[in-house]
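# Close look at the chain arrangement
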Amino acid sequence: MPLPQLEAGTLSEEEGIGSVWPLVPSTGSGCGDGSGAGPPPNPEGTAAAANGAVAVPVVERETWTRQMDFIMSCVGFAVGLGNVWRFPYLCYKNGGGVFLIPYLLIVFIGGIPVFFLEIALGQFMKQGGVSAWNIAPLFKGLGLASMVIVFFCNTYYIMILVWGLYFLFHSFTNPLPWATCGHPWNTPNCTQDFRRSCLNHSAASLSNLSLSAALNLRKVLRLSGGLHEPGAISYEMVLCLIATWIIVYFCMWKGVKSTGKVVYFTALFPYLVLVVLLAHGVTLPGALDGIVYYLKPDWSKLGEAQVWIDAGTQIFFSYAIGLGALTALGSYNRFHNNCYQDAFMLALINSGTSFFAGFVVFSVLGFMAAEQGVDISKVAESGPGLAFIAYPKAVTLMPLAPLWAALFFFMLLILGLDSQFVGVEGLITGIMDMLPPKSALGSLQREVVAAICCLICFLIDMSMVTEGGMYVFQLFDYYSASGITLLWQAFWECVVIAWVYGADRFMDDVARMIGYQPLPYMKWCWSYITPLVCVGVFFFHVVNYKPLTYNTVYTYPLWGELLGWTLALSSMLCIPLTVLYKILRCKGSLRERWQHLTTPVWGRHHLEYLAPESEAKLLPSTGTKSTLLFESVI
């Protein structure tokens, strides 16, 4: 079926490692950022021109060496700690195997459509998370919002890797330090009887903790009295933080060429460890009971709204939607890569990993419950509690405990590492695409920009290696990349593509890339279903909002909550404020402003798809003088 040619838009130079300078004829309303500026001068100081058109060198955007590099990078980024430590617990808590019904339903109506949209957008526009929204320039705030969110994620997420590295170092001792009492960090009430610690562990007291909890809270975190008490810096944690940032930097400093090589190890090795841990776990007594607890269906749960909300929130988290990194990764694809097929394959890998990890986790928790003679509900944990308290305690009950502890924490470190450095890669790509190529900033090498970003994140992280650092970490985790911010982002992405640019139009663009039309259900999801899902889950979060607490013991002060909401709104407000700023700055009637600001800015690679009359409108004819506006994205 012949496809319609691209409609006329403005024409930009191909984005490479540098910036974008859209080429806009002066006949429209003057809305460009930097309106009235002339073309960038050539080295001789004059505007380069040939046959009446400005000649700006086109910088070829680098692409993946192999297409498998892209697949591995997406697997490494999207498959992370949440698949291992959050999904199994949610499945157990929300009705076992019954939880898969709402989970898979929302995967197909929410997860895959937005996941595919972000990858396809990056591949079609050949631009990073910010400049890709040149497809509807009025809503470039979507790109800025995603940059803010991924910056916050890169800042606090690395602390989990720091704790994992610290535990990994302590795993090479026999007996394990959290297996016995008598250490400086133990309380006088230290007990090696897990049954007693379960009975005594209450909201009123943190003194009767299991040994791994004692190591985590008193040795690693060294908790102060609250957010208002930063306390002393832990220099052991600072060394781990420095080591982790150095590893992250050298994994991505050369761009996709280095990232594409490293992810083969970081994406595949955790699967090997999971298989080994499962093979060992199922041989342990009580493992079968744990797996039954994991999958045992409770059909009554389907009637609870919280189950559906948990499914939706988990999908948006684990699919890494709304962070702009998937768009950045997609921008390095070949233009005719089958991103539609890739999206379904990556979704299968992501959700399959979550489901498989549940067998690994609950086989060990079942063993732990059987050994200690307690119900599995007493040992089932989610998040850091599973990784740094429940699982380490279970490992101490196994033969060759140091081996299994080292293997588990090394897997944890690798799982988080590729999510971290691919996230940083997405941030760097967005920044490099925004830098004006003719400025001093635009001449900065990628390695320098990456080093500056890592250094800034490191300095912020210093607040999280103090005695009050855990409170700062939870503030970032709860607000900056929360379900509310991601759902807000995903909602506007669907609305802009479906209703501003046009769902049918974007489907045609995808067909130009992959050679055939995707299933119509995609545009139905972008237009109606996915935005409704996002709105429903968003308002559920808002209505059921509760003030942030730590461990049900410490309630954050009002100024702490205000700081948290500042983190959340710093990304959410990027979208409406950018729209308002662009409309107010533009000239002409409201209709003219809307038409001008929603006109796509095409790249050079789009020229072959433009209709001849559209191309004639964009490129000035020979012998005519035409004033050209050059718009920098900053």
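Residues numbered from 1 in each chain as written. Predicted model: local features only at pLDDT ≥ 70, side-chain atom pairs only at ≥ 80, totals over all residues. Heavy atoms only, no water.

Helices and strands together make up the secondary structure of the protein chain, namely 23 helices and eight strands. The buried share among the 634 residues of the protein chain stands at 60%. Carbon and sulfur atoms make up 67% of the accessible area of the protein chain, which amounts to about 24,500 Å² in all. (Helix = DSSP H or I, 4+ residues; strand = E, 2+ residues; numbered from the N terminus. Buried < 20%, exposed > 50% of the residue type's maximum accessible area, 1.4 Å probe, protein only. Areas by Shrake-Rupley, 256 points an atom, 1.4 Å probe, with all protein chains shown as cover.)

Let's shift gears to the packing of aromatic side chains. With the rule as written, the count across this model stands at 42 aromatic pairs. Taken together, a centroid distance of 6.0 Å and an interplanar angle of 80 degrees make the contact between W64 and Y332 edge-to-face. Placement of the pair is W64 in the loop between strand 4 (53-54) and helix 1 (67-78) and Y332 in the loop between helix 12 (325-330) and helix 13 (339-372), with a sequence separation of 268 residues. Exposure remark for W64: the relative accessible area of 6% places this residue in the buried category. Owing to a relative accessible area of 2%, Y332 belongs among the buried residues under this scheme. For the ring pair F408 and F409, a centre distance of 5.3 Å and an interplane angle of 70 degrees mean the geometry is edge-to-face. (Phe/Tyr/Trp six-rings, centres within 6.5 Å; stacked < 30°, edge-to-face > 60°.)

The residue T566 is located in helix 20 (residues 558-572) in this model. As a C-alpha pair, T566 and Y479 span 87 residues in sequence and 8.5 Å in three-dimensional space. At 2.8 Å, the side chain of T566 forms a polar contact with the backbone oxygen of L562. (Polar contact = N/O pair within 3.5 Å; in protein donor to acceptor, adjacent residues only side chain to side chain.)

As enumerated under the stated definition, the model contains six salt bridges in all. Among the salt bridges present, the one from E425 reaches R446, with a minimum N-O distance of 2.6 Å. Of the two residues, E425 sits in helix 15 (residues 401-434) while R446 sits in helix 16 (residues 446-461), which places them 21 residues apart along the sequence. With respect to class, E425 is no different from R446; both count as buried. Taking the shortest distance from any N to any O, the salt bridge between D504 and K523 comes out at 2.7 Å. Highlighted residues: D504 in helix 18 (residues 483-514) and K523 in helix 19 (residues 521-543), separated in sequence by 19 residues. A relative accessible area of 47% means that D504 is categorised as partly exposed. (Salt bridge = Lys/Arg side-chain N within 4 Å of Asp/Glu carboxyl O.)

Right, let's get into the packing of helix 15 against helix 16. Packing of helix 15 against helix 16 brings their axes to within 10 Å, and their N-to-C directions diverge by 120 degrees. Classified by the angle their axes make, helix 15 and helix 16 are oblique. Judged by the sense of rotation from one axis to the other, the crossing of helix 15 with helix 16 is right-handed. Residues V424, E425, L427, I428, T429, I431 and M432 of helix 15 form the contact with helix 16, whose own contacting residues are R446, V449, A450, C453 and C454. When its residues are assigned to classes, the contact of helix 15 with helix 16 shows nine nonpolar, one polar and two charged. (Axes fitted to C-alpha atoms, helices over the stretch in contact; angles between N-to-C directions. Parallel < 35°, antiparallel > 145°, perpendicular 65-115°, else oblique. Left-handed = near helix turned anticlockwise from the far one by under 90°. Contact = heavy atoms within 4.5 Å. Nonpolar A, V, L, I, M, F, W, Y, C, P; charged D, E, K, R; others polar.)

Below, the discussion takes up the UniProt feature "binding site: Na(+)" (unreviewed entry) in the protein chain. Listed under "binding site: Na(+)" (unreviewed entry) in the UniProt record, and renumbered for this structure, are G76, A78, V79, N83, S318, N350, L415, D418 and S419. Taken together, the annotated residues stretch across 344 residues yet fold into one region, lying no more than 14.2 Å apart by C-alpha. Take N350: it is sitting in helix 13. A residue is classified by how much of its surface remains accessible, and N350, at 1% relative accessible area, is buried. For N350, the side chain forms a polar contact with the main-chain oxygen of S318, separated by 2.9 Å. In this fold, D418 is placed in helix 15. Judged by relative accessible area, which is 1%, D418 ranks as buried. For D418, the contacting residues outside a window of four places in its chain are G76, F77, V79, T266 and A267. (UniProt positions renumbered as here; feature names shortened; annotations may be inferred.)

This paragraph deals with the nonpolar core. Among the nonpolar cores identified, the biggest contains 190 residues, and F116, I135, W245, L365, F388, F506 and W526 are the most heavily contacted of them. Broken down by element, the residue count for this core peaks at 20 residues, all from helix 15. When residues no more than four places from it in sequence are discounted, the contact partners of W245 are N154, I158, Q420, V424, C454, C457, F458 and D461. (Core = buried A, V, L, I, M, F, W, Y, C linked by side-chain atoms within 4.5 Å.)

This paragraph deals with a nonpolar patch on the surface. On the surface, a cluster of nonpolar side chains totalling about 390 Å² of accessible area is made up of L239, I242, I246 and F250. Looking at the secondary structure, you find L239 in helix 8 (residues 235-252). (Patch = residues over 30% accessible without salt bridge, like charges linked within 9 Å, V, L, I, M, F, W, Y side chains within 5 Å.)

Here we come to unusual backbone geometry. The phi dihedral of K126 is positive, around 55 degrees, even though this residue is not glycine. With respect to the secondary-structure elements, K126 resides in the loop between helix 4 (100-125) and helix 5 (141-170). The residue A320 is not glycine, and still its phi comes out positive at about 55 degrees. Assignment of secondary structure puts A320 in the loop between helix 11 (305-318) and helix 12.

On to the confidence of the model for the protein chain. The pLDDT averaged across the protein chain works out to 78; a share of 77% of its residues lies at or above 70. Predicted confidence is poor over residues 33-58, with pLDDT under 50, and the contacts of this stretch with residues over four places away or in other chains come to 46 contacts. (pLDDT = per-residue confidence, 0-100.)

This next bit is on the state of the cysteines. As enumerated under the stated definition, the model contains zero disulfides in all. Cysteine C454 remains unbridged, with the sulfur of C457 as its closest cysteine sulfur at 6.7 Å. What makes C454 buried here is its relative accessible area of 8%. (Disulfide = S-S within 2.5 Å.)

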